[in-house]
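# Structural description and commentary
Chain by chain, the residues run as shown.
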Amino acid sequence: MSTTHAAAAATSGGRPGLKNDLTVRAVLVSIIVAVLIGASYPYVVLKIGYGPNISVVSAFFGYIMISAVGFFTGVRGTRVENNLVQAAGTSAGQSAFMCVVLAAMDMLNAKPGLGFSLHLSVWQTFSWLTVAGLIGVLMAVPLRRYYIDEEELAFADGMAAGEVLLVLDEGPKEAGPRVTALGVGMFLSGLLAVVRDKMKLLPDAWYVGANGAQLRMGTEVSILSFGSGMLVGPRIAVSMGLGMIASWVIAPRMLLARGIIADQQFATVLRWVMWPATGFMVAGGITALVLKGKLVAKTFQSFSVKSVGSTDFPIKYVLGGVGVLSVVLCVLQVYSLGFPVWLTVVSLVLSFFLMLVGTRVLGETNWAPVSAMANLMQAVFAVISPGSMTVNMIGSGMSGTVAVNGETLMQVYKSGKIVGSNNRSLTILQLIGVPVGSLAVALVYPALKARYGIGGNGLSSPISVKWAGFAELLNAGFSQLPRGCFAAMLIAVALGVVITVLEPKYSNWLPSPTAVGIGMLVPGISVMPMVLGGLAQWVWATGARESEEKFCLPLASGFISGEALVVLVFAIQAML
């Protein structure tokens, strides 16, 4: 944090919280931003396989709307109000992230030979994600003092959002150009989507190679993925590019020449490359946990709730809320989803410990290991209830929802500490954001599925591919795998472990195993613009560091949110 910002944070952060922070204006704007983020986020996640920094995007939206209301009412908005809006938007986005579970279920539904059939209604999706998400938020409340105050973990997304809020609070002179950059990015991204999807003046993608169209290799006509590449930076973007080349340039010809696949089609090749890709992703995540073994152990040894501060959400409401919601979840899952009560109890206990581990990893690396943790839960459920993919998917999906909402709360607390917000108010807005995001998923996911399709030639959702693939593997056994893919997965695991061990010393020269795995799963047409975006950010930062630091975040956020919101409108029109 810069000296100026640190001083500003200290000025407000030294007291319990600013007066009247939980204003009607802040709550209403929070709900609006939560709707926007929650509704647009599923498309982004299903398209590129991960969620960009929605904390910063939410902070910009909050500032614009709070400032607009302040202009008409004559009462200027505060950075704390903007922080509350950011909390709700971040919460809604993370709830919406769990659309990957619904996509994984549909991928399994599409394979008739598996005997899997699980189709959730809007009400089932909303209630399931809402209850599990609220439990996750409440479970995480007592962890704030330990992770944020005592351990002082980075939580980079939360820190970035806090810095942005401090800059925006400096007034129109500083904030104006950044907001303009966000607006320009949104306009260009949305306009391109209209020209491409509505006016049909541009193709969806340009393909390269003799089988480019069948393999979905080339580049899409979109700056959403380009903006995502600008946010993740050159190392992650180039790592994804390496995965893209391995899966969609080298592997198809090699597999076809050896008679392993019958044709060079995206779905055919994906069925093989998903296994080494999964090896890279899981190896990177699990090895990172092992390397942090002492810190993970410290989490369990040092955890205490007795010192929770006076500005925190009351612990009696935390315990009571978790108890009541756990009962509701047991009833909901047994009657709505056919999931036994005892398995729900086991899932909740395991979810808490997974949250402890996942939150530490997120705080130190800015990577939320939701996918790796979900795979671990799938393995647990395969032992507890063998042969049931339904139990596997519901149990791991519920655990993932609990964990991701709890981990997200730490990002919000981190930005709140920088800004000087009241932790109780931030928790309340996080709780409000969960049902908003869950409702967005319940309504938007069916619209996106109807408009674009899931898997195959539709929205690729690489996390869902891995989630569904593990369920299928655990159910059928290794004998059912395509020839050679298990050996390739073991090689990828070994490489992922070695790279992760060497990463601390040689990160500038080694790819990210997790990013390589995602690049292998996402169609090349979506990866290519991300690679270009990451390289563009590097060139910009190298040639004009000051302007890059000032404008890259808002411009890239506009690129992402503009197309996502326009596509959402198109999807709803198609559904209606």
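Everything in this summary refers to the structure shown in the same document. (Residues numbered from 1 in each chain as written. Predicted model: local features only at pLDDT ≥ 70, side-chain atom pairs only at ≥ 80, totals over all residues. Heavy atoms only, no water.)

### Observations regarding the side chain of Ser189
Here Ser189 shows up in helix H9 (residues 172-198). For Ser189, the side chain forms a polar contact with the main-chain nitrogen of Glu563, separated by 2.9 Å. Residues contacting Ser189, with those up to four places away along its chain left out, are Ile223, Gly558, Phe559, Gly562 and Glu563. (Helix = DSSP H or I, 4+ residues; strand = E, 2+ residues; numbered from the N terminus. Polar contact = N/O pair within 3.5 Å; in protein donor to acceptor, adjacent residues only side chain to side chain. Contact = heavy atoms within 4.5 Å.)

### A closer look at helix H19 (residues 423-452)
Spacing of three or four residues puts side chains on the same side of an α-helix, whose turn is 3.6 residues. For H19, with 30 residues, the first-to-last C-alpha span of 40 Å sits near the 44 Å given by 1.5 Å per residue. Along H19, the helix axis deviates most sharply at Val444, where the bend reaches about 30 degrees; the proline Pro446 sits within four residues downstream. Backbone nitrogen of Arg424 and a side-chain oxygen of the N-cap are separated by 2.8 Å at the start of H19; the cap is Asn422. (Expected span 1.5 Å × (residues − 1). Bend = angle between axes of the 7 residues up to and from the residue.)

### Overview of the packing of aromatic side chains
By convention here, two paired aromatic rings are described through the distance between centres and the angle between planes. Under the criterion given, the structure shown has seven aromatic pairs. The interplanar angle of 85 degrees and the centroid separation of 5.3 Å between the aromatic rings of Phe71 and Phe72 together place this pair among those described as edge-to-face. One exposure class covers both Phe71 and Phe72, and it is exposed. Judged by centre distance (6.3 Å) and plane angle (65 degrees), the ring pair of Phe226 and Phe559 falls under edge-to-face. Taken together, the residues Phe226 in helix H11 (residues 224-232) and Phe559 in helix H24 (residues 545-575) connect sequence positions 333 residues apart. Under the relative-accessibility criterion, Phe226 is labelled partly exposed at 23%. Phe559 gets classed as buried once you look at its relative accessible area, which sits at 9%. Against the face of Phe266 rests Arg216, its NZ or CZ located 5.2 Å from the ring centre. In this structure, Arg451 packs its charged tip against the face of Tyr452, placed 4.8 Å from the ring centre. (Phe/Tyr/Trp six-rings, centres within 6.5 Å; stacked < 30°, edge-to-face > 60°. Buried < 20%, exposed > 50% of the residue type's maximum accessible area, 1.4 Å probe, protein only. Lys NZ or Arg CZ within 6 Å of the ring centre and 35° of its normal.)

### Side note on the environment of Val567
Along the polypeptide, Val567 turns up in helix H24. It is 8.2 Å that separates the C-alpha atoms of Val567 and Gly190, two residues lying 377 residues apart in sequence. In this structure, Val567 is in contact with Tyr43, Arg196, Asp197 and Tyr452, ignoring residues within four places of it in sequence.

These figures come from the coordinates and say nothing about function on their own.
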